[in-house]
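Now for the letters of each chain:
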Amino acid sequence: MRPIDLAATPLRAPVALSPTLSIEANRQAFWRAYLSWQSDADDADLALLAQALEPHAQHVRPIHQAIGAALPDPSTMDLLPMGLLWHLESAGWRVERTARPTLPLAA
């Protein structure tokens, strides 16, 4: 578990966001937040993201589905970079609940 930096940007967005985004607006919110975070992410944050997504990101799975699957999983949620979570929350992105269940890869 990573130590929490009390001087870091808070996880909660300072503005009230609408809880009911359309599907397209939700996708746009995700990409706006993800690309903003990625442009400033350092190598350590990118490595943390790769580690958190490893169990959730099959080779052809879209990243927003992998991040959405990593969030409710206690073994990977704490590995996600806090800056990415802050950007996603600030943009109003919410996890898509309609994602298909993950099927095990064939051996």
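The structure under discussion appears in the preceding block.
In this text, all values refer to a predicted model and were calculated from it rather than measured experimentally.

J.: Any chance you could explain helix 1 (residues 23-40) here in plain terms?
T.: An α-helical segment advances 3.6 residues per turn. Residues three or four places apart therefore align on the same side. Its 18 residues give helix 1 an end-to-end C-alpha distance of 26 Å, which sits within 8% of 26 Å, the value for a rise of 1.5 Å per residue. By the burial criterion, the buried members of helix 1 are Asn-26, Ala-29, Phe-30, Ala-33, Tyr-34 and Trp-37. Buried residues of helix 1 fall within an arc of 120° about the axis and therefore sit on the same side. In helix 1, those exposed residues whose orientation departs by more than 90 degrees from the buried face are Arg-32 and Ser-39. Turning to helix 1, the residues buried within the fold contact helix 2 (43-53), helix 3 (63-70) and helix 5 (82-90).

J.: How should the nonpolar core be read in this particular structure?
T.: Nonpolar side chains tend toward joint burial in soluble globular proteins. Judged by nonpolar contacts, the single largest core of 17 residues is most densely connected at Tyr-34, Leu-49, Leu-53, Ile-67, Leu-80, Leu-84 and Leu-88. With residues up to four places along the chain from it excluded, the contact list for Leu-53 reads Ile-63, Ala-66, Ile-67, Ala-70 and Leu-80.

J.: Honestly, the packing of helix 2 against helix 3 in this entry has me stumped. Any pointers?
T.: For any two helices packed against each other, one specifies the inter-axial angle together with the distance between the axes. Between helix 2 and helix 3, the shortest axis-to-axis distance is 9 Å and the interhelical angle comes to 75°. The angle between the axes of helix 2 and helix 3 places the two elements in the roughly perpendicular class. Here helix 2 contributes Leu-49, Ala-52 and Leu-53 to the contact with helix 3, which in turn contributes Ile-63, Ala-66, Ile-67 and Ala-70. Across the contact of helix 2 with helix 3, the residue classes break down as 7 nonpolar, no polar and no charged.

J.: Just checking my understanding: could you explain the side chain of Asn-26 for this structure?
T.: By the secondary structure assignment, Asn-26 is in helix 1. Look at Asn-26 and you get buried, because its relative accessible area is 2%. A polar contact of 2.9 Å, which involves the side chain of Asn-26, links it to the backbone nitrogen of Arg-94.

J.: Honestly, the packing of aromatic side chains in this entry has me stumped. Any pointers?
T.: Two aromatic rings are characterised by how far apart their centres lie and by the angle between their planes. For the coordinates displayed, the defined rule picks out 5 aromatic pairs. Between the aromatic rings of Trp-31 and Tyr-34, the centroid separation amounts to 5.8 Å while the plane-to-plane angle is 90°, which identifies the pairing as edge-to-face. Here Tyr-34 and Trp-31 lie together in helix 1, a separation of 3 residues that amounts to about one turn. Looking at Tyr-34, the relative accessible area reads 7%, which means it is buried. Following the ring pairs from residue to residue traces out a cluster consisting of Phe-30, Trp-31, Tyr-34, Trp-37 and Trp-93.

J.: Help me understand the packing of helix 1 against helix 5 in this model?
T.: The N-to-C vectors of helix 1 and helix 5 enclose an angle of 145°; their axes lie 8 Å apart at closest approach. Between helix 1 and helix 5 lies a crossing whose hand is right-handed. On the side of helix 1, the interface is formed by Phe-30, Ala-33, Tyr-34, Ser-36 and Trp-37, while helix 5 contributes Gly-83, Leu-84, His-87 and Leu-88. Grouping the constituent residues of the contact of helix 1 with helix 5 by class yields 6 nonpolar, 3 polar and no charged.

J.: It is not clear to me how helix 2 should be interpreted in this structure. Could you clarify?
T.: The complete set of buried residues in helix 2 reads Leu-48, Leu-49, Ala-52 and Leu-53. Down the axis of helix 2, the buried side of the element spans an arc of 120°, and every buried residue falls inside it. Set apart from the buried face of helix 2 by more than 90 degrees, the exposed residues are Asp-43 and Ala-44. Buried positions along helix 2 lie against helix 1, helix 3, helix 4 (74-77) and helix 5.

Cut-offs used in this document
Residues numbered from 1 in each chain as written. Predicted model: local features only at pLDDT ≥ 70, side-chain atom pairs only at ≥ 80, totals over all residues. Heavy atoms only, no water. Helix = DSSP H or I, 4+ residues; strand = E, 2+ residues; numbered from the N terminus. Expected span 1.5 Å × (residues − 1). Buried < 20%, exposed > 50% of the residue type's maximum accessible area, 1.4 Å probe, protein only. Arc of directions from axis to C-beta. Contact = heavy atoms within 4.5 Å. Core = buried A, V, L, I, M, F, W, Y, C linked by side-chain atoms within 4.5 Å. Axes fitted to C-alpha atoms, helices over the stretch in contact; angles between N-to-C directions. Parallel < 35°, antiparallel > 145°, perpendicular 65-115°, else oblique. Nonpolar A, V, L, I, M, F, W, Y, C, P; charged D, E, K, R; others polar. Polar contact = N/O pair within 3.5 Å; in protein donor to acceptor, adjacent residues only side chain to side chain. Phe/Tyr/Trp six-rings, centres within 6.5 Å; stacked < 30°, edge-to-face > 60°. Left-handed = near helix turned anticlockwise from the far one by under 90°.

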